[in-house]
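If you want the building blocks of each chain, they are given just below.
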Amino acid sequence: QVQLQESGGGLVQAGGSLRLSCAASGRTFSNYAMGWFRQAPGKEREFVARISGNIGNTYYAYSVKGRFTISRDNAKNTVYLQMNSLKPEDTAVYYCAVAKPYYSDPTRMYEYNYWGQGTQVTVSS
């Protein structure tokens, strides 16, 4: 059974940093792209970042580019999201997900097969 478990969320002041982790179990995902999405209260879930399998190419939403960094450790079957210079508008539940073997648009939720339960990130002003 595939499981994704996020951790590392919490409360931080604006300008601070957090590092989210997403540990996968049940199978190896080194060949699969993985992504982070977030959902703020009253809003739709939105794409944050994606990292491809093996090579590790990255892609970011415009709103987080230059502040967030996605990375992965295939030996640990884990993907990370380093979040710096956090803003109140980054407040959301953050979800990690595993992409389908073949996808065309990594910013779309339907391109992802497996999802974690989410971790809350709250940025105070």
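This one's a predicted model, so the numbers in the text were calculated from it and none came from an experiment. (Residues numbered from 1 in each chain as written. Predicted model: local features only at pLDDT ≥ 70, side-chain atom pairs only at ≥ 80, totals over all residues. Heavy atoms only, no water.)

**Student:** Explain the packing of aromatic side chains to me, please; I cannot follow it from the model alone.
**Tutor:** Geometrically, a pair of aromatic rings is defined through the distance of the ring centres and the angle of the planes. Scanning the entire structure with this criterion turns up 7 aromatic pairs. Where phenylalanine 37 meets tyrosine 112, the ring centres are 5.0 Å apart and the plane angle is 85°; that geometry is what we call edge-to-face. Residue phenylalanine 37 is located in strand β4 (residues 34-39), and its partner tyrosine 112 is located in strand β10 (residues 112-115); the two are separated by 75 residues in the primary sequence. Of the two residues, phenylalanine 37 and tyrosine 112, both sit in the buried class. Taken together, the ring pairs in this structure connect Phe37, Phe47, Tyr59, Tyr112 and Trp115 into an aromatic cluster. Between the NZ or CZ atom of arginine 19 and the centre of the ring of tyrosine 80, over which it lies, the distance is 4.0 Å. (Phe/Tyr/Trp six-rings, centres within 6.5 Å; stacked < 30°, edge-to-face > 60°. Helix = DSSP H or I, 4+ residues; strand = E, 2+ residues; numbered from the N terminus. Buried < 20%, exposed > 50% of the residue type's maximum accessible area, 1.4 Å probe, protein only. Lys NZ or Arg CZ within 6 Å of the ring centre and 35° of its normal.)

**Student:** How should the pairing of strand β3 (residues 18-25) be read in this particular structure?
**Tutor:** Side-chain positions along a regular strand alternate between the two faces of the sheet. Pairing between strand β1 (residues 3-7) and β3: 5 bridges, direction antiparallel. Directly across from glutamine 5, in β3, lies its bridge partner alanine 23. Two elements, β3 and strand β8 (residues 78-83), share 6 bridges in a ladder whose sense is antiparallel. By the bridge assignment, serine 21 is partnered in β8 with tyrosine 80. (Pairing = 2+ DSSP bridges.)

**Student:** Sorry, what's going on with the sheet that holds β1 here?
**Tutor:** Within a sheet, neighbouring strands are paired by backbone hydrogen bonds and run either parallel or antiparallel to one another. Pairing in this open sheet of 4 strands is antiparallel, and the strands run β1-β3-β8-β7 from one edge to the other. Looking at the sheet topology across the chains shown, the edges are occupied by β1 and β7 (68-73). When strand polarity is set aside, the average angle formed by the axes of neighbouring strands in this sheet is 15°. (Axes fitted to C-alpha atoms, helices over the stretch in contact; angles between N-to-C directions.)

**Student:** When you look at the pairing of β7 in this model, what are you seeing that I'm missing?
**Tutor:** Of the two faces of β7, only one is covered, namely that formed by Phe68, Ile70 and Arg72; the face formed by Thr69, Ser71 and Asp73 stays uncovered. Of the pairings in the sheet, the one linking β7 to β8 comprises 6 bridges and is antiparallel in character. By the bridge assignment for β8, phenylalanine 68 is matched with methionine 83. Connecting the antiparallel pair β7 and β8 is a turn made up of 4 residues, with asparagine 77 showing a positive phi of about 55°.

**Student:** Explanation requested: the nonpolar core in the structure shown.
**Tutor:** When a protein is soluble and globular, its nonpolar side chains tend to lie buried together. Judged by nonpolar contacts, the single largest core of 35 residues is most densely connected at Trp36, Leu81, Met83 and Tyr94. Looking at this core, the elements that each hand over two or more residues are β3, β4, β5 (46-51), β7, β8, β9 (92-99) and β11 (119-124). Among all residues touching tyrosine 94, those that are not within four sequence positions of it are Glu6, Leu20, Trp36, Phe37, Arg38, Val48, Phe68, Leu81, Met83, Gly118, Thr119 and Val121. (Core = buried A, V, L, I, M, F, W, Y, C linked by side-chain atoms within 4.5 Å. Contact = heavy atoms within 4.5 Å.)

**Student:** How do you make sense of the pattern of salt bridges when you look at a structure like this?
**Tutor:** A side chain with one charge can pair with a side chain of the opposite charge if their charged atoms come near. Considering all chains together, one arrives at 4 salt bridges under this definition. Two residues, arginine 38 and glutamate 46, come together in a salt bridge whose shortest N-O distance is 2.7 Å. Residue classification places glutamate 46 among the partly exposed positions, given a relative accessible area of 35%. The shortest N-O distance in the salt bridge between arginine 67 and aspartate 90 comes to 2.7 Å. Of this pair, arginine 67 sits in the loop between β6 (58-60) and β7 while aspartate 90 is found in the loop between β8 and β9, placing the two residues 23 residues apart along the sequence. Arginine 67 sits in the buried class, given a relative accessible area of 11%. A relative accessible area of 1% places aspartate 90 in the buried class. (Salt bridge = Lys/Arg side-chain N within 4 Å of Asp/Glu carboxyl O.)

The values are spatial; any link to function lies outside them.
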